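Take a look at the letters that make up each chain.
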Amino acid sequence: MKIRIYNPEKDSEKNITIPTGFLFSRVGMYFAAKLTSSKARKEYDKKVAELWKTGDIDTMLSIDDLQAAEKLPPPITEEQARELLAALRDSRYLMGGLPLVSIDSADGTRIRVDL
């Protein structure tokens with residue numbers, strides 16, 4: 001995976017390369033899961049603190065929210081995940097890099113993430 005950050009003020013581009021094999025290994029998935037869960041936990045704590053101050057914490061989850069969560073479809077199977085990763089790997093070599101995200105900010109900074 002390659003992350004490119006272009007800064008127009010300095011007219012420079014910074015490249016950060018992360019081995020794709022590391023990302024899809026158990027260690028890489030562990031770090032990605034920890035990063036995602038810690039961010040979600042911080043947002044949850046902020047929301048609880050705000051609701052605690054207003055005294056409206058009982059309305060945070062409704063019965064409808066709980067019933068909707070029980071009806072969520074199951075995650076993909078291991079076989080489907082392997083097929084998806086194989087397709088991503090093949091498309092990466094065919095396209096010379098698979099663009100995942102491209103972000104342009106108002107000040108001109110451009111961030112692009114390629115697989």
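Remember, it's a predicted structure, so these values are computed and weren't measured experimentally. (Residues numbered from 1 in each chain as written. Predicted model: local features only at pLDDT ≥ 70, side-chain atom pairs only at ≥ 80, totals over all residues. Heavy atoms only, no water.)

Participant: Hey, could you run me through the overall build of the chain in this one?
Facilitator: Along the backbone of the chain there are four helices and four strands. Ordered by position from N to C terminus, the α and β elements of the chain give β-β-α-α-α-α-β-β. Excluding contacts between residues fewer than 6 apart, the proportion of contacts in the chain whose partners are at least 24 apart in sequence is 35%. In the form shown here, the chain has an accessible surface area of approximately 9800 Å², with 59% of it arising from carbon and sulfur atoms. (Helix = DSSP H or I, 4+ residues; strand = E, 2+ residues; numbered from the N terminus. Contact = heavy atoms within 4.5 Å. Areas by Shrake-Rupley, 256 points an atom, 1.4 Å probe, with all protein chains shown as cover.)

Participant: Hey, could you run me through unusual backbone geometry in this one?
Facilitator: For residues besides glycine, phi is generally negative; the peptide bonds are generally trans as well. In this model, D11 sits at a positive phi of 50 degrees, which is unusual for a non-glycine residue. Mapped onto the secondary structure, D11 falls in the loop between β1 (2-7) and β2 (12-17). A relative accessible area of 57% means that D11 is categorised as exposed. (Buried < 20%, exposed > 50% of the residue type's maximum accessible area, 1.4 Å probe, protein only.)

Participant: Is there a simple way to explain the sheet that holds β2 in this structure?
Facilitator: Sheet strands associate in pairs through backbone hydrogen bonding, adopting either a parallel or an antiparallel arrangement. Spatially, the four strands line up as an open sheet ordered β2-β1-β4-β3, and their pairing is antiparallel. Looking along the sheet, the strands with just one partner apiece sit at the ends: β2 and β3 (99-104). With direction set aside, neighbouring strand axes in the sheet form an average angle of 10 degrees. Across five bridges, β3 lies against strand β4 (residues 110-114) in antiparallel orientation. Bridge pairing links V101 to V113 in β4. (Pairing = 2+ DSSP bridges. Axes fitted to C-alpha atoms, helices over the stretch in contact; angles between N-to-C directions.)

Participant: Can you walk me through helix α2 (residues 26-54) in this structure?
Facilitator: Taking 1.5 Å per residue as the helical rise, α2 with its 29 residues ought to reach 42 Å, and the 42 Å between its terminal C-alpha atoms agrees with that figure. Where α2 ends, the next residue or the one after it, G55, has phi of about 75 degrees, a positive value. (Expected span 1.5 Å × (residues − 1).)

Participant: Is there a simple way to think about the environment of G108 in this case?
Facilitator: By the secondary structure assignment, G108 is in the loop between β3 and β4. The spacing of G108 and N7 is 101 residues in sequence and 7.1 Å in space, taken between C-alpha atoms. Beyond its immediate stretch of four places on either side in the chain, G108 contacts Y6 and P8.

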